[in-house]
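Descriptive analysis of the structure
Here is how the chains run, residue by residue.
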Amino acid sequence: VAIGECGLDYDRTQFCPIPVQTAGFIAQLALAREFDLPLFLHNRNTGTDLLEVMKKYGKGLRGVVHTFDDSLELAQEFVELGLYIGINGCSLKKEENMEVVKMLPLDRLLLETDCPWCDIRPTHAGNSYIQTRFEPIKKETKYVEGCYVKNRYEPCHIIQVAEVVAGIKGISVDVLSEITLKNSRDLFKLP
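Residues numbered from 1 in each chain as written. Predicted model: local features only at pLDDT ≥ 70, side-chain atom pairs only at ≥ 80, totals over all residues. Heavy atoms only, no water.

1. Things to note about the layout of surface pockets
- Approximately 420 Å³ is the volume found for the largest pocket.
- Here the lining of the largest pocket takes three residues from strand β2 (residues 39-44), the largest share from any one element.
- When its residues are assigned to classes, the lining of the largest pocket shows three nonpolar, seven polar and seven charged.
- Taken as a whole, the second largest pocket encloses approximately 330 Å³ of empty space.
- Taken together, 16 residues make up the lining of the second largest pocket; nearest its centre are Asp-119, Ile-120, Tyr-148, Tyr-153 and His-157.
- Looking at the lining of the second largest pocket, its residues break down into eight nonpolar, four polar and four charged. (1 Å grid on protein atoms, 1.4 Å probe; cavity = no way out; pocket = protein on both sides within 12 Å on 5 of 7 lines; lining within 4 Å. Points joined across faces, edges and corners; volume = space filled by probe spheres on them. Helix = DSSP H or I, 4+ residues; strand = E, 2+ residues; numbered from the N terminus. Nonpolar A, V, L, I, M, F, W, Y, C, P; charged D, E, K, R; others polar.)

Dropping the structure here:
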């Protein structure tokens, strides 16, 4: 359904140097174009480098910049390229992050969990908006309805991301859910 997760990660250059990451990313953009698939974009501490590669090689491609936690100006530039902005717990850590989310256009917003990472922790600025809580269980091998494996973010937590974003935006979770479902369908060309 998509090409990715792909992009640039300058926190991991010990595993893959920047020129190699960039060359691989450009090749992935060509695949997205060839197969008419959207991109699931990774952008960690790259400044505007990912944006510049997208401007040069990715114009006209569909995609989402996931786990967005950068500036409003950068988000607006990605949106101007026709991309969506993905929000999860890592996007809701600080007050500055929440101000960015507040200003993002609803029609370019997607919600995500980035399981099993990117939870909304009690120390995160967005935590005060959470209404739905789950009980952790310790055993990973046993499913218990209404519970999750301790220290692991799971798909059920998407409601918490929705509650925080809806709270920031001053709209209901139902309205936000309808909008982001439509956005997902549009991005992935689903009925």
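2. Notes on the packing of helix α4 (residues 95-103) against helix α5 (residues 158-169)
- With their axes 9 Å apart at the nearest point, α4 and α5 run at an angle of 70° to one another. Judged by the angle between their axes, α4 and α5 are roughly perpendicular. Packed against α4, whose contacting residues are Met-98, Val-101, Lys-102 and Met-103, the element α5 presents Val-165, Ile-168 and Lys-169 at the interface.
- Within the contact of α4 with α5, the residues separate by chemical class into five nonpolar, no polar and two charged. (Axes fitted to C-alpha atoms, helices over the stretch in contact; angles between N-to-C directions. Parallel < 35°, antiparallel > 145°, perpendicular 65-115°, else oblique. Contact = heavy atoms within 4.5 Å.)

3. Quick word on the state of the cysteines
- Per the counting criterion, the structure on display carries one disulfide.
- In this model, Cys-90 is linked to Cys-118 through a disulfide, with the two sulfur atoms separated by 2.4 Å. On the sign convention where negative means left-handed, the S-S torsion of about -95° between Cys-90 and Cys-118 marks this disulfide as left-handed. Here Cys-118 lies in the loop between β5 (109-111) and β6 (135-137) and Cys-90 lies in the loop between β4 (84-87) and α4, a separation of 28 residues in the sequence.
- The exposure class assigned to Cys-90 is buried, which follows from its relative accessible area of 17%.
- As a non-bridged cysteine, Cys-16 has Cys-6 as the owner of its nearest cysteine sulfur, 13 Å distant. (Disulfide = S-S within 2.5 Å. Buried < 20%, exposed > 50% of the residue type's maximum accessible area, 1.4 Å probe, protein only.)

4. Quick word on the pairing of β4
- The alternating pattern of β4 places Tyr-84 and Gly-86 on one face and Ile-85 and Ile-87 on the opposite face, and all of these are buried.
- Pairing analysis gives two bridges linking strand β3 (residues 63-65) to β4, with the strands arranged parallel. Paired with Val-64 across the two strands is Tyr-84, which belongs to β4.
- Regarding topology, helix α3 (residues 72-80) serves as the crossover connection from β3 to the parallel β4, and that connection is right-handed.
- Following the chain from β4 across α4 to the adjacent parallel β5, one finds a crossover that is right-handed. (Pairing = 2+ DSSP bridges. Right-handed = clockwise from strand over helix to strand, strands pointing away.)

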